[in-house]
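# Survey of secondary and tertiary structure
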Amino acid sequence: MARTLPEFQKNLSPAAATLEQLGKLVRNRRAQSRLRIDDAASLSGVSSDVLSRLENGKPVTADKLILVLESLGLRILVVPKTEIPAIEAVLDQSAPSEGR
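Basis of the calculations
Residues numbered from 1 in each chain as written. Predicted model: local features only at pLDDT ≥ 70, side-chain atom pairs only at ≥ 80, totals over all residues. Heavy atoms only, no water. Helix = DSSP H or I, 4+ residues; strand = E, 2+ residues; numbered from the N terminus. Buried < 20%, exposed > 50% of the residue type's maximum accessible area, 1.4 Å probe, protein only. Contact = heavy atoms within 4.5 Å. Areas by Shrake-Rupley, 256 points an atom, 1.4 Å probe, with all protein chains shown as cover. Axes fitted to C-alpha atoms, helices over the stretch in contact; angles between N-to-C directions. Parallel < 35°, antiparallel > 145°, perpendicular 65-115°, else oblique. Nonpolar A, V, L, I, M, F, W, Y, C, P; charged D, E, K, R; others polar. Salt bridge = Lys/Arg side-chain N within 4 Å of Asp/Glu carboxyl O. Polar contact = N/O pair within 3.5 Å; in protein donor to acceptor, adjacent residues only side chain to side chain.

### Observations concerning the overall build of the chain
Along the chain, the regular secondary structure elements total 5 helices and 0 strands. In sequence order, the chain lays out its α and β elements as α-α-α-α-α. Across its three principal directions, the C-alpha atoms of the chain cover 40 × 35 × 20 Å. Every one of the 100 residues in the chain was classed for burial, and the buried ones make up 23%. Considering only intrachain contacts with a sequence separation of at least 6, the fraction spanning at least 24 residues in the chain is 51%. For the chain, the accessible surface area stands at approximately 7,300 Å², while carbon and sulfur atoms represent 54% of it.

Here it is, written out as structure tokens:
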């Protein structure tokens, strides 16, 4: 059976407070990169099972998480929760407007 690409979602918040939210961000980046799960896993140096668990909000080890994020061009930014609204406001302002 052919593996299909997930659908890319615009305007996802980059703030992930749960494993499920982090998994959505990873899956969305993979979709944006037009990578099948097995190709992204191979590029990351992890198994397809590890990447699938991560994308489905299941725990993976920190070293595997860093490998996946790095291979997809993502980074973790640790900030106080109280700072998230201000950071998201800045990100919203710098995002290109649709329809322009």
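### Some remarks on the packing of helix α1 (residues 19-32) against helix α3 (residues 48-55)
Interhelical geometry of α1 versus α3 gives an angle of 120° and a closest axis separation of 7 Å. In terms of orientation, α1 lies oblique with respect to α3. Along the contact surface, α1 presents Leu19, Leu22, Gly23, Lys24, Val26, Arg27 and Arg30, while α3 presents Leu51, Leu54 and Glu55. Classifying every residue of the contact of α1 with α3 by side-chain character gives 5 nonpolar, 1 polar and 4 charged.

### Here's the deal with the pattern of salt bridges
Scanning all chains against the criterion turns up 6 salt bridges. The partner of Asp39 in a salt bridge is Arg36, with the nearest N and O atoms 3.1 Å apart. In this structure, the salt-bridge partner of Arg75 is Glu70, at a minimum N-O distance of 3.2 Å. Residue classification places Arg75 among the exposed residues on the basis of a relative accessible area of 70%. A relative accessible area of 46% means that Glu70 is categorised as partly exposed. Through salt bridges with shared partners, a single network forms among Arg27, Arg30 and Glu55.

### Section: the side chain of Glu55
With respect to the helices and strands, Glu55 occurs in helix α3. A polar atom in the side chain of Glu55 sits 2.6 Å from the side chain of Arg30. For Glu55, the residues in contact, after removing those within four places along its chain, are Gly23, Lys24, Val26, Arg27, Arg30 and Ile37.

### A look at the packing of helix α2 (residues 37-44) against α3
Where α2 contacts α3, the axes come no closer than 8 Å and their chain directions differ by 110°. As the angle between them shows, α2 and α3 are arranged roughly perpendicular. Residues Ile37, Asp38, Ala40 and Ala41 of α2 pack against Ser48, Leu51, Ser52 and Glu55 of α3. The class makeup of the residues in the contact of α2 with α3 is 4 nonpolar, 2 polar and 2 charged.

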